[in-house]
Amino acid sequence: MLIIDSKDCENIDKALKKYKKKFEKARILLQLRSRQSFTKPSVKRRTQVLKAVYKQQLASGKLEA
């Protein structure tokens, strides 16, 4: 649960902006999307390995993005 401390004289737009920033930082939307469907641990591991290989190839210059 996100809690936003706002002052009495603070504008509602500023409070909304603070809420949106906190929402982004907490990565709640990503968690909700990932919980919509179950992914097997082996599939998660495989995607992590493929991402790591891709990042390593980018860093070494073998792959251009």
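Treat the numbers as computed from the prediction; the structure is a model and nothing was measured. (Residues numbered from 1 in each chain as written. Predicted model: local features only at pLDDT ≥ 70, side-chain atom pairs only at ≥ 80, totals over all residues. Heavy atoms only, no water.)

**A few points about the overall build of the protein chain**
- Assigned secondary structure in the protein chain consists of three helices and zero strands.
- Listed N to C, the secondary structure of the protein chain is α-α-α in terms of helices and strands.
- By the compact-globule yardstick of 11 Å for 65 residues, the protein chain is too spread out, its C-alpha radius of gyration being 19 Å.
- Each principal axis of the C-alpha atoms in the protein chain carries an extent, and together these give about 55 × 30 × 15 Å.
- Looking at the protein chain residue by residue over its 65 residues, the buried ones come to 2%.
- Of the roughly 6,700 Å² of accessible surface on the protein chain, 56% is carried by carbon and sulfur atoms. (Helix = DSSP H or I, 4+ residues; strand = E, 2+ residues; numbered from the N terminus. Rg over C-alpha atoms; globule rule 2.2 N^0.38 Å. Buried < 20%, exposed > 50% of the residue type's maximum accessible area, 1.4 Å probe, protein only. Areas by Shrake-Rupley, 256 points an atom, 1.4 Å probe, with all protein chains shown as cover.)

**Quick look at a nonpolar patch on the surface**
- Together, Tyr 54, Leu 58 and Leu 63 give the surface a local cluster of nonpolar side chains, amounting to about 240 Å² of exposed area.
- As for its placement among the helices and strands, Leu 63 is situated in the segment after α3 (41-60). (Patch = residues over 30% accessible without salt bridge, like charges linked within 9 Å, V, L, I, M, F, W, Y side chains within 5 Å. Salt bridge = Lys/Arg side-chain N within 4 Å of Asp/Glu carboxyl O.)

**Some words on unusual backbone geometry**
- Located in the positive-phi region is Arg 27, a residue other than glycine, with phi close to 55°.
- Positionally, Arg 27 belongs in the loop between α1 (12-26) and α2 (28-35).

**Focus: the environment of Leu 29**
- Residue position: Leu 29 is located in helix α2.
- Judged by its relative accessible area of 40%, Leu 29 is partly exposed.
- For the pair Leu 29 and Gly 61, spaced 32 residues apart in sequence, the C-alpha separation works out to 33 Å.

**Quick notes on the environment of Leu 2**
- Within the element layout of this structure, Leu 2 appears in the segment before α1.
- Given the relative accessible area of 24%, Leu 2 is considered partly exposed.
- Between the C-alpha atoms of Leu 2 and Ala 26, which are 24 residues apart in sequence, the distance is 8.7 Å.
- In this structure Leu 2 touches Tyr 19, Lys 22, Phe 23, Ala 26 and Ile 28, once residues within four positions along its chain are discounted. (Contact = heavy atoms within 4.5 Å.)

**What about a positive patch on the surface?**
- On the surface, Lys 7, Lys 14, Lys 17, Lys 21 and Lys 25 cluster together into a positively charged patch.
- Inspection of the secondary structure assignment puts Lys 14 in helix α1.
- For Lys 14, a relative accessible area of 54% puts it in the exposed group. (Lys, Arg positive; Asp, Glu negative; His and termini not counted. Charge placed at Lys NZ, Arg CZ, Asp CG, Glu CD.)

No statement about biological role is implied by the geometric values presented.
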